[in-house]
Amino acid sequence: MKYLEKIKNFDENNLLSLDEIVLWALELFENTDIKLLDITEFKKPLIAWSGNAIVTAKIIFSKIDAIFCDETNFDECIKKDIDWLVILSASGEKHATVFAKKAKELWIKTKLLTCNSNSTAWTILWTENTIVTAKNREPYTYNTSTYMWWIFAYTWENPSEIKNFIQEKIDPILKNIDFSKYDSYIIVTPDNFSWVNQLFNVKFIELFARKIARDVFSYEQMKHATTVVPHETELCITFWDEKDFRFNWSKINFPLPENADLWAIMAIWYYVIWYIQNSYPHFFKVNIWKYISDINKTEFGKGLKVIVE
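For every chain, the first residue of its written sequence is number 1, and the numbers climb from 1 along that sequence. Since the coordinates come from a predicted model, pLDDT governs what is reported: local features require at least 70, and pairs of side-chain atoms require 80 or more to be given and counted, while whole-chain, interface and lining totals use all residues. Each side-chain value is worked out from all heavy atoms of the structure, with water and hydrogens disregarded.

Looking now at the sheet that holds strand β3 (residues 84–88). Taken in spatial order, the five strands make up an open sheet running β2-β1-β3-β4-β5, and their pairing is parallel. Only two strands of the sheet have a single neighbouring strand rather than two, namely β2 (67–69) and β5 (130–132). Recorded for the sheet is a direction-independent mean angle of 15° between the axes of neighbouring strands. Relative to strand β4 (residues 110–114), β3 runs parallel, the two sharing four bridges. Within β4, the residue paired with I87 across the bridge is L112. Against the sheet, helix α2 (residues 53–60) touches β1 (45–49), β2, β3 and β4, its axis set at about 155° to β1. Of the strands in this sheet, β1, β3 and β4 are in contact with helix α4 (residues 95–105), which crosses β3 at around 165°. If DSSP finds at least two bridges between two strands, the strands pair. A run of DSSP states H or I qualifies as a helix once it reaches four residues; a run of E qualifies as a strand once it reaches two. Both are numbered from the N-terminal end. Every axis in this analysis is a line fitted to C-alpha atoms, fitted for helices over the stretch in contact. Angles between the N-to-C directions lie between 0 and 180 degrees. Whether two residues are in contact is decided by their heavy atoms, any of which lying within 4.5 Å being enough.

Below you can see the structure in the form of structure tokens.
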């Protein structure tokens with residue numbers, strides 16, 4: 001296990017970029033049995049999430065007559081005619097604890113999907129109502145093995161094939177791109193993969209905030225006046241198949257494996273963004289400690305750490 005052996009050796013002073021985190025996640029999937037919620041018992045559940053769990057929630061429950069909510073409309077949705085509440089939270093903290101407490105008060109049957117067996121939400125709902133999935137230790141917000149695991153359990157793609165594809169097909173392209181020449185990006189995905197566009201957008205925000213501009217669109221969305229104003233230092237990154245849309249400056253296309261699904265494009269994009277991350281000052285790595293220190297002073301962020309074990 002080439003990559004997993006290294007996972008114990010980084011700390012707050014030498015945080016890793018997403019390339020190794022992605023390869024570690026793929027190696028974890030190669031060597032661990034997959035388990036996830038049995039969704040057959042849910043008839044009309046309320047699915048509650050916070051952060052990027054929205055994407056995985058909508059993927060996992062795409063064929064169920066479900067109601068989806070987050071922290072902004074949870075109080076309204078919990079009053080609807082539902083048979084279960086399902087909470088998706090990698091940490092099992094923050095808003096997951098709010099959801100769990102409210103469900104217990106209302107005597108609503110609840111399941112928690114999390115990566116943390118010692119979370120506050122787990123202490124509210126206990127083992128019989130919790131599914132704990134495997135993860136690697138990662139810097140806060142990277143959430144690569146966590147959400148990728150949930151998507152993998154839905155799509156059942158081959159982690160070994162994807163790892164080899166990244167190293168054999170994606171690496172050679174990346175090594176010929178000087179990302180430092182660009183100050184903005186437009187990321188374009190095939191229409192049937194638009195589920196993951198929010199993951200791409202959020203990951204860019206977490207790593208760069210507003211230091212570097214970006215937009216994420218599907219091919220069809222690109223047709224709607226997204227390129228009226230030219231910007232010569234913007235790079236367009238497309239995936240898989242080239243389709244016609246107006247873009248008259250720098251563009252690069254990354255292939256995807258044959259029969260690729262949502263998991264493959266997520267892994268490849270997270271790997272690509274590492275090259276972008278390493279082409280600029282390390283905004284995230286420099287600032288994450290101060291962010292965690294500040295947010296730990298609030299009830300929302302109590303107990304958070306720079307590295308999630």
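Picking up where we left off.
Looking now at empty space enclosed by the protein. Cavities and pockets were defined on a 1 Å grid built from protein atoms only: a cavity is a group of points that admits a 1.4 Å probe but offers it no way out, a pocket is an open group of points flanked by protein on both sides within 12 Å along at least five of seven lines, and a lining residue is one with an atom within 4 Å of any such point. Grid points are joined across faces, edges and corners, and a volume is the space filled by probe spheres set on the points. According to the stated counting rule, one finds one cavity of 30 Å³ or more in the structure shown. Within this model, the largest cavity holds a volume of roughly 40 Å³. Forming the boundary of the largest cavity are L207, F208, Q277, P281, H282, F283, F284 and K285. Of all the secondary-structure elements, those providing two or more residues to the lining of the largest cavity are α8 (197–208) and α11 (283–295). A per-element tally of the lining of the largest cavity places α11 first, with three residues. For the lining of the largest cavity, the residue count by class is five nonpolar, two polar and one charged. Each residue gets one label: Ala, Val, Leu, Ile, Met, Phe, Trp, Tyr, Cys and Pro are nonpolar, Asp, Glu, Lys and Arg are charged, and the others, such as Gly, are polar.

A few words now on the nonpolar core. The tendency in soluble globular proteins is for nonpolar side chains to be buried side by side. Residues L88, Y185, F239, W269 and I276 are the most contacted members of the largest nonpolar core, which totals 91 residues. With 15 residues, helix α10 (residues 262–277) is the largest single contributor of residues to this core. Every residue in contact with Y185, bar those within four places of it in the chain, is listed here: F179, F204, I212, A213, R214, D215, E234, L235, I237, I276 and Y280. In this text, buried Ala, Val, Leu, Ile, Met, Phe, Trp, Tyr and Cys residues form a nonpolar core when linked through side-chain atoms within 4.5 Å. Note on classification: 1.4 Å probe, protein chains only; a residue is buried when its accessible area is under 20% of the maximum for its type, exposed when over 50%, partly exposed between these limits. In terms of nonpolar packing, the next biggest core, distinct from the first, is built from 19 residues, I67, C69, C77 and I82 among them.

Now for the packing of helix α6 (residues 144–155) against α10. As a packed pair, α6 and α10 sit with axes 9 Å apart at the nearest point and diverge in direction by 155°. By the angle class used here, α6 and α10 are roughly antiparallel. Contacts from T144, Y147, M148, I151, F152 and T155 in α6 reach L262, W263, M266, A267 and Y270 in α10. Broken down by class, the residue content of the contact of α6 with α10 amounts to nine nonpolar, two polar and no charged. An angle below 35 degrees is read as roughly parallel, one above 145 as roughly antiparallel, one from 65 to 115 as roughly perpendicular, and any other as oblique.

What follows covers the layout of surface pockets. The calculated volume of the largest pocket comes to roughly 1,300 Å³. Those elements giving two or more residues to the lining of the largest pocket turn out to be α4, β6 (138–139), α6, α8, α11 and β11 (307–308). By residue class, the composition of the lining of the largest pocket is 16 nonpolar, 15 polar and 12 charged. Here the second largest pocket defines a volume of roughly 160 Å³. Lining the second largest pocket are A103, K104, W107, I108, K109, T110, I124, L125, W126, E128 and N129. Every element with two or more residues in the lining of the second largest pocket is listed here: α4 and α5 (120–125).

Bear in mind that shape data such as this cannot, by itself, settle questions of function.
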